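Observations on chain architecture
Residues per chain are reported as follows:
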Amino acid sequence: MQSLNIEKQERPKNPYGPGRHSHDSSSSSIKMYFVICLALFTMMGIIKMALPVDDINDEWSKKGDASGGWGSEHNHPVNDNTGSGSVNPYSPPKQYSPPVQTYHPLKSQPNSNMEKEFRGDDLVNALAPIVALPAQPRSEYKMYQEAANFVPEDLLYDTNTPHGKAFDFILNRDKRKLSGDDKHLFQRFVLTLVFYAMGGTDENDPKEYHTSSYARGGWESDSVHFLTGLHECHWVKKSLEDHFWGILSIESESDQRVGVTKCNNDMEVTELRLADLNLVGFLPEEIKWLSALESLDMQNNHLAGPVPSALGDLDELRYLSLDGNNFSGSIPDVFTALTNLERVYLNFNEFNGDMPSSLCYLREEGALEDLWSDCGGDPLKCTGC
């Protein structure tokens, strides 16, 4: 009995703590850890075999758009600029490095100069055939009006002219980014040209645009919601004066608005009302490209120069109001084909010469019911009517 007690006393202590199962428990934990690690490595191997290395980055980029994650355009990589050579722990493994992209100026660099040049050529080719110089000599057009050969392309790129300002808006600042084959390009360009030709200024214009050569008047784009990113059929606003007197007015709701007051089902402008806006400048010849126009109201402004003969190309025109301006010269005899014309107001201007026989013909044989002009015998003679 004593020998047994001595044996118990001399037995060394278990370094893993009391109990006879300490060593077995440690061995089980090691085995479990090894099994888990082996399972993880096995799963990674299966994933790598199932997904080719070359397509891994493509799958990641797709998830940025289709699965709600970040795409490459949103997830900017963090570069290690410390010089320590350490690897960014958040970057993907080397086998996931993105493939080399093929350079394409219109896709890789959407804001590149090459794209702008390409689009500029496209728009110039489309718009150059419709460009016409003002009939009256003007300082900003002098170099083109005196040139033996007129080059419309040069005029479109000259931002000292209303044509150049209108083209600059369409090319560089218009949010709609129309192409040369867009069916509404002519319409949008002409309305923008009308805006700048009549002394318009926009808050987003370059600073040099605001130094107008006109001594008085002019209008701003927000007064009629012109030059917005909306379709030009929405370039319209109710005037403050009409809004105030609207309750007492007997005019229709369309008469109380200014800008593009009506379009047809094809989104073509049929009514343009720019009355009482303190407009200055001239009415451009390109107005004829608003081919669906039925009503043109420019009364009570400061527009000057001759009336463009291009008005004779507006076959659908029913209402023409140019009264209360500073138009001068003779009234062009171009109205014969305007068989739908019902009302014409040309009074309170500075016209001279004879009343056009085409207007007199429409008054007798056509639909023309109202014809107002300054027929006092001098300077405008209306013997034919």
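These remarks concern the structure in this document. Since the structure is predicted, the reported quantities are computational estimates derived from the model, not experimental observations. (Residues numbered from 1 in each chain as written. Predicted model: local features only at pLDDT ≥ 70, side-chain atom pairs only at ≥ 80, totals over all residues. Heavy atoms only, no water.)

Right, let's talk about the overall build of the protein chain for a bit. When helices and strands are counted, the protein chain shows eleven helices and 15 strands. Residues classed as buried in the protein chain amount to 37% of the 385 residues present. Counting contacts in the protein chain only where the partners sit at least 6 residues apart, residues at least 24 apart contribute 55% of the total. Only carbon and sulfur atoms are counted for the fraction: they give 53% of the accessible area of the protein chain, which is about 23,900 Å². (Helix = DSSP H or I, 4+ residues; strand = E, 2+ residues; numbered from the N terminus. Buried < 20%, exposed > 50% of the residue type's maximum accessible area, 1.4 Å probe, protein only. Contact = heavy atoms within 4.5 Å. Areas by Shrake-Rupley, 256 points an atom, 1.4 Å probe, with all protein chains shown as cover.)

Tallied over the full model, the rule gives nine aromatic pairs. Between F226 and W235, the aromatic rings sit 5.1 Å apart at their centres with planes inclined by 40°, giving tilted as the arrangement. Per residue, the accessibility class of F226 equals that of W235, and both read buried. An aromatic cluster of at least three residues, connected via ring pairs, comprises F195, Y196, F226 and W235. (Phe/Tyr/Trp six-rings, centres within 6.5 Å; stacked < 30°, edge-to-face > 60°.)

This structure, assessed with the given rule, holds one cavity of 30 Å³ or more. Of the voids in this model, the largest cavity is the one considered here, and its volume is about 100 Å³. Along its surface, the largest cavity is lined by P134, A135, Q136, R138, F282, L283, P284, E285, A304, P306, V307 and P308. When the residues that make up the lining of the largest cavity are grouped by side-chain class, the tally is nine nonpolar, one polar and two charged. (1 Å grid on protein atoms, 1.4 Å probe; cavity = no way out; pocket = protein on both sides within 12 Å on 5 of 7 lines; lining within 4 Å. Points joined across faces, edges and corners; volume = space filled by probe spheres on them. Nonpolar A, V, L, I, M, F, W, Y, C, P; charged D, E, K, R; others polar.)

Our next topic: helix α5 (residues 113–127). With 15 residues, α5 extends 21 Å between its outermost C-alpha atoms, agreeing within 8% with the 21 Å of an ideal straight helix rising 1.5 Å per residue. Three or more residues of α5 are buried, namely R119, G120, L123, V124, A126 and L127. Down the axis of α5, the sector holding all buried residues measures 160°, keeping them to one side. Along α5, exposed side chains directed more than 90 degrees from the buried face belong to E117, F118 and N125. Looking at the buried residues of α5, the elements they touch are α7 (152–156), α8 (162–173) and α9 (185–197). (Expected span 1.5 Å × (residues − 1). Arc of directions from axis to C-beta.)

It is worth spelling out the sheet that holds strand β6 (residues 280–281) at this point. One open sheet accounts for four strands, arranged β6-β8-β10-β12; its pairing is parallel. With partners counted over all chains shown, the strands left at the sheet margins are β6 and β12 (350–351), one partner each. Relative to β12, strand β10 (residues 326–329) is paired through two bridges, and the arrangement is parallel. Looking at the pairing, G329 lines up with F351 of β12. (Pairing = 2+ DSSP bridges.)

Along its 13 residues, α9 runs 18 Å from first to last C-alpha, staying within 8% of the 18 Å computed at 1.5 Å per residue. Every buried residue belonging to α9 is among L185, Q187, R188, F189, V190, L191, T192, L193, V194, F195, Y196 and A197, and all of these are buried. One or two steps after α9, the chain reaches G199, where phi turns positive at roughly 80°.

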